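Residue-level listing of the chains:
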Amino acid sequence: MPKITPHLWFDREAVDAAQFYTSVFDDSKIHFTTTLHDTPSGDAEMVGFQIMGYDFMAISAGPFFTINPSISFHARCRTVEEVEHVWAKLSPGGTALMELGEYPFSQRYGWIQDKYGVSWQVIHTEGDFHQRIMPALMFVGDQCGKAEEAIGFYASVFKDAKAEVLARYVNGEEPDKPGTVKYAQFVLDAQEFGAMDSAWQHDFGFNEAVSFIVNCKDQDEIDHFWDLLSAVPEAEQCGWVKDRFGVSWQITPANMGELIGRNPVKTTPAMLEMKKIIIADLEKAAEEED
């Protein structure tokens, strides 16, 4: 199990979206579907799936958050033909944010928001790489100019981490301030991410619609990540936190499914009442009689 798993929040489309993505990309499959009953959103359908060998989670939990391009996903393709194939599959009902074409950084690249609202940067990538899907964070609005600070912070929180700014804006690339991040990559627990600043006018920013699950081996790890990442007390609920840059994280036990599954009638309400997840309390709830 990877340490960090992207999580997508949909109104009612989680399973449909997962089925769509596994039909678009190779090396993709659905791991499971399940339903959480009696949540604040009613019955919430969950799905775990894999795209190009990279794990995702998604939930249908009501129209409370809308996915936007502040967090997108690079889909690294080994051939131009693969880029064009994926683009054609993602295009119906979608919106091109950067048209498919040749760019200085890639022979074939396009940025598209698909019919479910998820943004993909489909790119022909040469050389060796092991991670074909890579989340990318775009710092806009009040967060613009903070990409370098953010990736350094994340690298201080996780193990096996590093952060590197690969390109900066220079004079003439308005409206972005010279020296801010044009593109950066960072690695958290051996998983790759991208980041950039954008001073263009955007009507979106980070929100809970795309979050990152941190799979923790024990309570000490939960405490560690909670203490470092949680910066907005009012956003704390059911293991969810929001960091000082507005990015949402879910700090959960790696065996959360097993813990809840032992006695969901008792464990689900117990989990929903928590802010930080307390493993011992979930285990205690699992032992309660109906």
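Remember, predicted model here, so these are calculated numbers, not experimental data. (Residues numbered from 1 in each chain as written. Predicted model: local features only at pLDDT ≥ 70, side-chain atom pairs only at ≥ 80, totals over all residues. Heavy atoms only, no water.)

J.: Would you mind showing me how to read the overall build of the protein chain here?
T.: In terms of regular secondary structure, the protein chain is built from 7 helices and 15 strands. A compact globule built from 290 residues should have a C-alpha radius of gyration of about 19 Å, and the protein chain, at 19 Å, falls within 12% of that. Based on the C-alpha atoms only, the size of the protein chain along its principal axes is roughly 65 × 35 × 35 Å. Counting across all 290 residues of the protein chain, residues that qualify as buried make up 53%. Only carbon and sulfur atoms are counted for the fraction: they give 48% of the accessible area of the protein chain, which is about 13600 Å². (Helix = DSSP H or I, 4+ residues; strand = E, 2+ residues; numbered from the N terminus. Rg over C-alpha atoms; globule rule 2.2 N^0.38 Å. Buried < 20%, exposed > 50% of the residue type's maximum accessible area, 1.4 Å probe, protein only. Areas by Shrake-Rupley, 256 points an atom, 1.4 Å probe, with all protein chains shown as cover.)

J.: Sorry if this is basic, but what is going on with the pattern of salt bridges here?
T.: If the charged atoms of two oppositely charged side chains come close together, the side chains can form a pair. Scanning the entire structure with this criterion turns up 12 salt bridges. Of the charged contacts in the structure, one is a salt bridge between Arg-132 and Asp-26, with a shortest N-O distance of 3.2 Å. Residue Arg-132 is found in the loop between strand S8 (119-124) and strand S9 (133-139), and its partner Asp-26 is found in the loop between helix H1 (14-24) and strand S2 (29-39); the two are separated by 106 residues along the sequence. Residue Glu-84 pairs with Arg-108 through a salt bridge whose shortest N-O separation is 3.3 Å. In this pair, Glu-84 sits in helix H2 (residues 80-90) while Arg-108 sits in strand S7 (residues 106-113), placing the two residues 24 residues apart along the sequence. For Glu-84, a relative accessible area of 34% gives the class partly exposed. Look at Arg-108 and you get partly exposed, because its relative accessible area is 23%. Through salt bridges with shared partners, one network takes in Asp-26, Glu-82 and Arg-132. (Salt bridge = Lys/Arg side-chain N within 4 Å of Asp/Glu carboxyl O.)

J.: Which parts of the structure should I look at to understand the packing of aromatic side chains?
T.: Centre distance and the angle of the planes are the two values used to describe a pair of aromatic rings. Following the criterion strictly, the structure yields 29 aromatic pairs and no others. A centroid spacing of 5.4 Å and a plane angle of 10° characterise the contact between Phe-49 and Phe-56, whose relative ring orientation is stacked. For the pair Phe-49 and Phe-56, one class covers both residues: buried. Arranged with centres 5.7 Å apart and planes meeting at 55°, the rings of Phe-153 and Tyr-154 form a pair that is tilted. A relative accessible area of 1% means that Tyr-154 is categorised as buried. An aromatic cluster is defined as three or more aromatic residues linked by ring pairs; in this entry it consists of Phe-139, Phe-153, Tyr-154, Phe-158, Phe-186, Phe-193, Phe-206, Phe-212, Phe-225, Phe-245 and Trp-249. Looking at Lys-115, its charged tip hangs above the ring of Phe-20, at a distance of 4.5 Å from the centre. Over the face of the ring belonging to Phe-153 we find Arg-244, whose NZ or CZ atom lies 4.2 Å from the ring centre. (Phe/Tyr/Trp six-rings, centres within 6.5 Å; stacked < 30°, edge-to-face > 60°. Lys NZ or Arg CZ within 6 Å of the ring centre and 35° of its normal.)

J.: I would appreciate a short explanation of the sheet that holds strand S5 (residues 71-77) in the present structure.
T.: Within a beta sheet, neighbouring strands are joined by backbone hydrogen bonds and run either parallel or antiparallel to one another. With mixed pairing, 8 strands are arranged side by side in an open sheet as S6-S7-S8-S5-S9-S12-S11-S10. A single partner strand is all that each edge strand has here, and the edge strands are strand S6 (95-103) and strand S10 (162-168). Averaged over all adjacent pairs, the angle separating strand axes in this sheet is 20°, with direction ignored. Sheet topology places S10 next to strand S11 (residues 181-188); 6 bridges connect them, and they run antiparallel. Paired with Ala-167 across the two strands is Tyr-183, which belongs to S11. (Pairing = 2+ DSSP bridges. Axes fitted to C-alpha atoms, helices over the stretch in contact; angles between N-to-C directions.)

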